[in-house]
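Remarks on the overall topology
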Amino acid sequence: MKTQAYRNLFILPIVLFLASSVSIAQKLKVYISVDMEGITGVVSADQTGAGPDYGMARKWMTDDVNAAILGALDAGATEIVVNDSHGDMRNIFPGELNTNAVLISGSPKPFGMMQGIDASFDAAMFIGYHAKAGTVDAVLDHTISSAVVYSIKINGIEMPELGINALIAGYYNVPVVMLSGDKAACEQAKEVLGEKTMVAQVKEAIGRTAAKNLSFESARKLIRQQAKLAIERRKELKAYKLNAPYRFELAYFRSSQTDNALSVPGVKRISPRAVQFDSDDYITGCKLLRALISLGRDN
Ligand SMILES: [Zn+2]
């Protein structure tokens, strides 16, 4: 009897371990949201919009994402969804994306930079992300719209896009395990999401429109390596969440933009340039936030 009990004591953990290994092998879904300002080589709005270097930067963006996809595959990913998240969201060259991933391209889409995320994913990664508006030495720092948004606070925390989007992933219990971008974006990822978040720092900004870049080869090697490690360590990372109710504070650049926002029920002015509203549901609040930013574009 005693021997049998000992045997069970040893066999049970082995069976549990094998069962968990089998389930990992069966399914590992990875979500990747890709912005452009934090892509290797990008230092100017000419490269992220209609300037002469835009076509080249689209290729750099595609190559950075492909490095992240390879890292995800190295870690055993069985399904990868890539969401193009910059500008008109038609930047990544569909024909050059790793064929193991599917691409969400184009806009508008209700979830914007986080279109396609849901509770079926095991991990999320942010590639080519940038620091929040008002950051020193950060390539093209802004928050959602450089023409409209001075700052966004959620529950009192001033948020970069990475935080706003990580809360959407967190809503579905998906941890953001890795981010690539410049030094400032990487620092903000660790500050907001926690020290364990893996980063791939592909450049260090000198002011807002210059940077010291890694070589493309080194950057992509780093992105691939960090993506692999991050997905392997995904269980050590918690999904990012804040407590409901959510208080959103949006500061515009001009008081006239605030005037427009006051036509929306539930939105009140808290300073000449800033409005505030509360939401019990984070996704509903995010949708209102996006609508208020759009209203600010008209004024
Ligand atoms: Zn962008």
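In what follows, the structure referred to is the one given above.
Residues numbered from 1 in each chain as written. Predicted model: local features only at pLDDT ≥ 70, side-chain atom pairs only at ≥ 80, totals over all residues. Heavy atoms only, no water.

Digging into the coordination of the zinc ion
Stated formally: Any N, O or S atom lying within 2.8 Å of the metal counts as a donor, and for Na, K and Ca the limit rises to 3.2 Å; water is left out, so some sites can look incomplete. The rule is simple: four donors are tetrahedral if all their angles sit between 85 and 135 degrees, four are square planar and six octahedral if opposite donors span more than 155 degrees and the others lie between 65 and 115, and anything that fits none of that is irregular. Classification of residues uses two cut-offs on accessible area relative to the type maximum, computed with a 1.4 Å probe and protein chains only: under 20% is buried, over 50% is exposed, and between them is partly exposed.
Every protein donor of the zinc ion is listed here as Asp-35 (OD), Glu-37 (OE), Glu-37 (OE) and His-86 (ND1), and their distances to the metal cover 2.0 to 2.6 Å. Coordination at the zinc ion is irregular: its four donor atoms span angles of 52 to 136 degrees at the metal. Sequence spacing of the donor residues for the zinc ion, all on one chain, is D-x1-E-x48-H. When sorted by exposure, Asp-35 lands in the same class as Glu-37, which is buried.

Things to note about the environment of Ser-145
This is how the line gets drawn: Secondary structure elements follow DSSP: runs of H or I no shorter than four residues count as helices, runs of E no shorter than two count as strands, and numbering proceeds from the N terminus. What makes two residues a contact is simply this: any of their non-hydrogen atoms within 4.5 Å.
Looking at the secondary structure, you find Ser-145 in the loop between strand S4 (123-129) and strand S5 (149-154). By relative accessible area, Ser-145 is classed as buried at 7%. Linking Ser-145 and Met-89, residues 56 residues apart in sequence, is a C-alpha distance of 14 Å. Discounting residues that sit within four places of it in the chain, Ser-145 has contacts with Phe-253, Ile-293 and Arg-297.

Let's talk about the packing of aromatic side chains
Just so we agree on the cut-off: Side-chain rings of Phe, Tyr and Trp (the six-membered ring for Trp) are treated as a pair once their centres are within 6.5 Å; stacked means planes under 30 degrees apart, edge-to-face means over 60, and tilted covers the remaining angles. Charge-over-ring contacts are defined here by two conditions on Lys NZ or Arg CZ: a distance within 6 Å of the ring centre and an angle within 35 degrees of the ring normal.
For the structure shown, the criterion picks out eight aromatic pairs. Aromatic pair Phe-248 and Phe-277: ring centres 4.9 Å apart, planes at 5 degrees, arrangement stacked. Here the residue Phe-248 occupies a position in strand S10 (residues 246-252), and Phe-277 occupies one in strand S12 (residues 274-279), the gap between them amounting to 29 residues. One aromatic cluster in this structure is built from Tyr-246, Phe-248, Phe-277 and Tyr-282. Over the ring of Phe-121 we find Lys-29; its NZ or CZ atom is 4.5 Å from the centre of that ring. In this structure, Arg-220 is placed above the aromatic ring of Phe-216, and the distance from its NZ or CZ to the ring centre is 4.4 Å.

Some thoughts on the pattern of salt bridges
Counted only if it meets this: Basic side-chain nitrogens of Lys or Arg form a salt bridge, by our definition, when they fall within 4 Å of a carboxyl oxygen of Asp or Glu.
One pass over the full model with this rule turns up 13 salt bridges. A salt bridge links Glu-232 to Lys-228; the nearest nitrogen and oxygen atoms lie 2.8 Å apart. With Glu-232 and Lys-228 both in helix H6 (residues 216-232) and four residues apart, this pair spans about one turn of that helix. Residue classification places Lys-228 among the partly exposed residues on the basis of a relative accessible area of 28%. Connected via shared salt-bridge partners are Lys-59, Asp-63, Asp-64, Glu-96 and Arg-220.

Regarding the sheet that holds strand S3 (residues 101-104)
So the rule is basically this: Strands are treated as partners if at least two bridges between them are detected by DSSP. Here an axis means a line fitted to C-alpha atoms, over the contact stretch when the element is a helix, while the angle between two N-to-C directions is reported on a 0 to 180 degree scale.
The sheet built from seven strands is open, its strands ordered S3-S2-S1-S4-S7-S8-S9 with mixed pairing. Each edge of the sheet is formed by a strand with only one pairing partner; in this case those strands are S3 and strand S9 (211-213). Each strand of the sheet is rotated relative to its neighbour by a mean of 20 degrees, with strand direction disregarded. Across four bridges, strand S2 (residues 79-84) lies against S3 in parallel orientation. Residue pairing across strands places Val-82 opposite Leu-103, the latter belonging to S3.

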